[in-house]
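Observations on the three-dimensional arrangement
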Amino acid sequence: MTATSIIWQVARREITERGRSKAYLITTVVTLLLVLGLVIVPSLLGGGTEEYTIGSIGEGNQPIVESAELLRNAGDEPEDEESVAISIVEFGNLEDAETALADGEVDAVLVDGSEVVVESVGGFGDSAVVSLLQRGAASVELEVIVSESGQAATDVIDVMTSDPLETTTLSGQEAGDESAGVLAYAGLMLLYIAILLYGTWILTGVTEEKSNRVVEVLLSSVKPWQLLAGKIAGIGILGIAQFTGTILVAIVALQLTGAFELPNIGVSSVVTLVVWFVLGFLLYAVMFGAAGSLVSRMEDAQNVAFPMSLTAVAGFFVSIAALNDPDGAAAVIGTFIPLTAPFVVPVRAALDAIPLWQYLLSIVMVLATIAGMTLVAGRIYAGALLRYGGRTKLREAWRSAAE
Amino acid sequence: MLAIQDLHKTFGNVVALDGCTFGVERGRMLGFLGPNGAGKTTAMRSIFGLIHHEKGSVTWDDNEITINERRRFGYMPEERGLYPKMKAHDQLTYLGRLRGMSASDASKSADNWLERFDLADRRTDPVEALSHGNQQRVQLAAALIHDPELLVLDEPFSGLDPIAAETMGDILREQAAKGTAVVFSSHQLDVVEDLCEDVAIINRGSIVVEGTVKQLKDAAPIRHIELDIDGDPEPLLASLDGIRHTTVNGSMHTVIIDADTDMRGFLARAQNAGRLRHFTYTTPSLSDLFREAVQ
Ligand SMILES: Nc1ncnc2c1ncn2[C@@H]1O[C@H](COP(=O)(O)OP(=O)(O)OP(=O)(O)O)[C@@H](O)[C@H]1O
Ligand SMILES: [Mg+2]
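Only a predicted model underlies this, so the values are computations on that prediction, with no experimental measurement involved. (Residues numbered from 1 in each chain as written. Chains lettered and ligands numbered in written order. Predicted model: local features only at pLDDT ≥ 70, side-chain atom pairs only at ≥ 80, totals over all residues. Heavy atoms only, no water.)

On to the pairing of strand E4 (residues 55–60) of chain B. Residue and element names in this part refer to chain B. Summarising the sheet, strand E1 (residues 2–11) and E4 pair through five bridges and their orientation is antiparallel. In the sheet register, leucine 2 faces E4, and the bridge partner there is tryptophan 60. Looking at chain direction, E4 and strand E5 (residues 63–64) are connected through two bridges and run antiparallel. Residue pairing in the sheet places tryptophan 60 in a bridge with asparagine 63 of E5. (Pairing = 2+ DSSP bridges. Helix = DSSP H or I, 4+ residues; strand = E, 2+ residues; numbered from the N terminus.)

Residues and elements named next belong to chain B. Domain boundaries assigned for chain B yield domain 1 (2–217) and domain 2 (220–294). The C-alpha-based centres of domain 1 and domain 2 are spaced at 37 Å. The junction of domain 1 with domain 2 conceals about 1000 Å² of combined surface from both sides, 74% of it contributed by carbon and sulfur atoms. It is Leu189, Ile201 and Lys217 in domain 1 that bury the most area against domain 2; as a group they hold 49% of the surface buried on that side. For the pair domain 1 and domain 2, the interface holds zero salt bridges. Put simply, domain 1 and domain 2 have four residue pairs in polar contact (both at pLDDT 80 or more) between them. If you list the elements that add at least two residues to the side of domain 1 that touches domain 2, you get helix H7 (189–195), strand E9 (198–203), strand E10 (206–212) and helix H8 (213–219). Here the residues of the side of domain 1 that touches domain 2 are counted per class, giving nine nonpolar, two polar and two charged. (Domains from an automatic or database assignment. Buried area = accessible area lost by both parts, 1.4 Å probe. Salt bridge = Lys/Arg side-chain N within 4 Å of Asp/Glu carboxyl O. Polar contact = N/O pair within 3.5 Å; in protein donor to acceptor, adjacent residues only side chain to side chain. Nonpolar A, V, L, I, M, F, W, Y, C, P; charged D, E, K, R; others polar.)

Another point: the coordination of the magnesium ion (ligand 2). All names here are of chain B. At 1.9 to 2.5 Å from the magnesium ion (ligand 2) lie its protein donor atoms, namely Thr41 (OG1) and Glu78 (OE). Linking threonine 41 in helix H1 (residues 40–47) with glutamate 78 in the loop between strand E6 (73–76) and helix H3 (88–98), this pair joins segments that are 37 residues apart in sequence. On the basis of relative accessibility, which here comes to 33%, the residue glutamate 78 falls in the partly exposed class. (Donors = N, O, S within 2.8 Å, 3.2 Å for Na, K, Ca; no water. Buried < 20%, exposed > 50% of the residue type's maximum accessible area, 1.4 Å probe, protein only.)

Here chain A averages 81 in pLDDT, while 84% of its residues score no lower than 70. Here helix H6 (residues 153–161) of chain A stands out as the least confident element of chain A, with mean pLDDT 68; helix H1 (residues 3–20) of chain A is the most confident, with 93. (pLDDT = per-residue confidence, 0-100.)

For the rest of this paragraph, the subject is unusual backbone geometry. In most cases, non-glycine residues show a negative phi, while peptide bonds are predominantly trans. Phi is positive for aspartate 112 of chain A, close to 55°, though the residue is something other than glycine. Assignment of secondary structure puts aspartate 112 of chain A in the loop between strand E3 (108–111) and strand E4 (115–117). A residue is classified by how much of its surface remains accessible, and aspartate 112 of chain A, at 47% relative accessible area, is partly exposed. Phi at aspartate 118 of chain B takes a positive value of approximately 60°, unusual for a residue other than glycine. Structurally, aspartate 118 of chain B can be placed in the loop between helix H4 (103–116) and helix H5 (132–144). Residue classification places aspartate 118 of chain B among the exposed positions, given a relative accessible area of 65%.

Turning our attention to the nonpolar core. Counting residues in each nonpolar core, the largest one holds 151 residues, and the members touching the most others are Tyr284 of chain A together with Leu2, Phe32, Ile47, Leu150, Leu172 and Phe184 of chain B. Ranked by the residues each element gives to this core, the list is headed by helix H10 (residues 267–293) of chain A, at 12 residues. Apart from the residues lying within four places of it in its own chain, the contact partners of leucine 2 of chain B are Phe22, Gly23, Val24, Ile47, Val58, Thr59, Trp60, Ile65 and Leu150 of chain B. Core analysis: the second largest hydrophobic core is formed by 14 residues, Tyr52, Ile54, Val118 and Leu132 of chain A among them. (Core = buried A, V, L, I, M, F, W, Y, C linked by side-chain atoms within 4.5 Å. Contact = heavy atoms within 4.5 Å.)

Below, the discussion takes up the sheet that holds E4 of chain B. Residue and element names in this part refer to chain B. Spatial ordering of the open sheet is given by E2-E1-E4-E5, a layout of four strands whose pairing is antiparallel. Two strands lie at the open edges of the sheet, namely strand E2 (14–24) and E5, each paired on one side alone. One ladder, built from eight bridges, connects E1 with E2; its direction is antiparallel. Its bridge partner lying in E2, lysine 9 is registered against leucine 17.

Residue and element names in this part refer to chain B. The immediate surroundings of ligand 1 are formed by 14 residues, with Gly37, Lys40, Thr41, Thr42 and Glu78 found nearest. Protein chains shield 68% of the accessible area of ligand 1, which is 630 Å² for the free molecule. Elements with a minimum of two residues in the shell around ligand 1: E2 and H1. Per element, the largest residue contribution to the shell around ligand 1 is three residues, and it comes from H1. Broken down by class, the residue content of the shell around ligand 1 amounts to five nonpolar, six polar and three charged. (Near = heavy atom within 4 Å. Areas by Shrake-Rupley, 256 points an atom, 1.4 Å probe, with all protein chains shown as cover.)

All names here are of chain A. Strands sit in the order E2-E1-E3-E4 across an open sheet of four strands; the sheet is mixed. The sheet is open, and its two edges are formed by strand E2 (84–90) and E4, each paired on a single side. Averaged over all adjacent pairs, the angle separating strand axes in this sheet is 30°, with direction ignored. Two strands pair when backbone bridges link them, and strand E1 (residues 50–57) and E3 are joined in this way by four bridges, in the parallel orientation. If you follow isoleucine 57 over to E3, its bridge partner there is valine 111. (Axes fitted to C-alpha atoms, helices over the stretch in contact; angles between N-to-C directions.)

Before going further, it helps to examine the interface of chain A and chain B. Put simply, an interface is often sized by how much accessible area is lost when its parts join up. In this complex, chain A contributes 26 residues to the contact, which on the side of chain B involves 25 residues. Carbon and sulfur atoms supply 58% of the area that chain A and chain B bury against each other, a total of about 2500 Å² over both sides. Here chain A is connected to chain B by three salt bridges. Two residues, glutamate 216 of chain A and arginine 45 of chain B, come together in a salt bridge whose shortest N-O distance is 2.8 Å. Our count for the chain A to chain B interface comes out at five residue pairs in polar contact (both at pLDDT 80 or more). Breaking the side of chain A that touches chain B down by element, the ones donating at least two residues are H1 and helix H8 (215–219) of chain A. The biggest single contributor to the side of chain A that touches chain B is H1 of chain A, with seven residues. Tallied by class, residues from the side of chain A that touches chain B come to 11 nonpolar, six polar and nine charged.

We now examine the packing of aromatic side chains. All names here are of chain A. According to the stated counting rule, one finds 18 aromatic pairs over all chains in the structure shown. Each ring, one from tyrosine 198 and one from phenylalanine 243, has its centre 5.8 Å from the other, and the planes form 75°; the classification is edge-to-face. Taken as a pair, tyrosine 198 in helix H7 (residues 179–211) and phenylalanine 243 in helix H9 (residues 224–257) lie far apart in primary sequence, 45 residues in all. As far as the burial class goes, tyrosine 198 and phenylalanine 243 line up, both buried. (Phe/Tyr/Trp six-rings, centres within 6.5 Å; stacked < 30°, edge-to-face > 60°.)

Nonpolar side chains collect at one region of the surface, where Val270, Val274, Val278 and Leu282 of chain A lie side by side and expose about 280 Å² of accessible area between them. Residue placement: valine 278 of chain A occurs in helix H10. (Patch = residues over 30% accessible without salt bridge, like charges linked within 9 Å, V, L, I, M, F, W, Y side chains within 5 Å.)

Moving on: the packing of helix H12 (residues 329–336) of chain A against helix H14 (residues 356–384) of chain A. Residue and element names in this part refer to chain A. At a minimum axis distance of 8 Å, the contact between H12 and H14 shows a crossing angle of 40°. Classed by the angle they form, the pair H12 and H14 counts as oblique. Contacts between H12 and H14 pair Val332, Thr335 and Phe336 from the former with Trp357, Gln358, Leu361, Ser362 and Met365 from the latter. Residue composition of the contact of H12 with H14, grouped by class: five nonpolar, three polar and no charged. (Parallel < 35°, antiparallel > 145°, perpendicular 65-115°, else oblique.)

Another aspect to go through is H5 of chain B. A rise of 1.5 Å per residue sets the reference length of H5 of chain B, with its 13 residues, at 18 Å; its end C-alpha atoms lie 19 Å apart and thus fit the reference within 8%. Residues Asn134, Gln136, Val138, Gln139, Leu140, Ala141, Ala142, Ala143 and Leu144 of chain B constitute the buried set of H5 of chain B. Where H5 of chain B is buried, its residues touch H8 of chain A together with E6, H3, H4, strand E7 (150–154) and helix H6 (162–177) of chain B. (Expected span 1.5 Å × (residues − 1).)

Written out as structure tokens, the structure reads:
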């Protein structure tokens, strides 16, 4: 019987037993609901039209409001709802207008096209409405100046809402192509969540086999590293299925609600992301498996996993630094530390900010670490699995497996 | 055959195995005896590579045992363990497949054993829903699922009711009869005496007695006397040389005595001392041998 077929048997048990378990079904449903909620709720809240009511006293307010609206809505696609809608309420005197303002019936009061009254400054909504009106007023003045020179007012609006400067980047990225960064960031979050979530499954799965003592029967006919490899493969497949499903649902929901347009992603970015996702997952999975073998009670499992969780958090922060400064010292150092590389390299690659040699060297280093870790973890696993009572020290586990 | 040669194993300063040597042949059943902490479990684990001995060898048909041999062995560990939430039938099939059986063979064999243990109607129950004794049966089935060449059972009779113990005994006998090498440890010496031709007794990590039960009894330097008499047996017993051990239970005296003690005339003297209710003079029981060996 070949090692692969044994590993596959172990993985298959993991998939069928765990995949059928209530816990798996519940986490799947909960994550799906959570993702749907995250996608749909903001689009319900934020997707619509901003609405303001402006009190008006005297003359000259109408053009300001109109051009404020026009300016803001100029960037809208024809099929979209308008970004902003402003209605006007006329007041006879300032006192009535101020009362309405205080009661929240109007958001601001314009006086004679030259003054704006709001409830207070510094409030979030207040400054938004003020800046909206300010821009409207500015463009009205511009219009006056421009129309004296014989130009049409709409031309002014066109100019004001356009980006006249052409943007180029040193790396040759296309202007306005932020999708790579977005993708890298999303991939990063996913890797981080996957490592902690599925790493914990591996951890508790190993501890469970030890605590219910089935491990002695298993090890009588399977090598420790095969058991570990099968477990990682099985949980990896289940986890990736759950993850891919969630991501697909999220993308479909985002498309349907129109909250997000799928960035135009190159094949190479996707390959990079997938490769590093797998590398990162394997690296941490092996360590979680070895950690799980050190304890015999489920209550102790989380404690032994703490160093790994901490490393993952550190990797996550280094990668955020890399997102801001992909050539910086933190990013480069993070590239050559195997435990942080899976977080850092995809970010730098997405931003086209990693030399090829660094990229390749980092992959080699991570692969070597995975191979080394598997041997170390296999031995720790073998040495610790039949030790009960308390927590096995790493050194004891290592020594008692000595062959 | 299984041959264990000069095994040494220490845990810290505890010597668990100290030159342990014994063998089990195909078609034979060996009872592996020894007091608590003598090293039985450690020796059995070493067959499966679950502990790494510092010195010595474990071989099967003169070959070093690797994972390929182990897949043809069946093992019931002292600490029973199965996946509690996995269905009995699925569990057995899985363990069969890990030992290299095809899916259909494993499934068929699982059904056969569940049938044999009267658990056919519980085949889709999770193991945790079975009673302790029934879990024990599934555990035994797990060791037998792939029709092993060597069967190693660590205290298979502990926790079984007399009927279940009888079934267990029948199955072990059956296995030995069809050519499997069987070794099991036990503290129930009467069961071992009933079941096994061969015994090995381990004490402080090394084998102190090994052979067939009959040989050992005949060759033993002791005899077993049971005496129940009206009146005082003390002066009567005092007349015997070489008494090693006396236990009194009511009026029944059980005496272990040197085999070469001259017993001529003892029965006549006993009859004179009072009304004789019970008297036997026999080769020692396995318990006597055991006590002598480990004291
Ligand atoms: N994993 C271990 N760590 C430390 N000491 C151990 C370990 N396993 C066994 N020992 C020690 O080795 C000695 C032999 O133990 P073993 O379990 O082999 O005895 P045993 O004959 O099976 O006893 P019992 O009849 O109680 O099951 C004991 O002193 C035990 O404390
Ligand atoms: Mg034992």
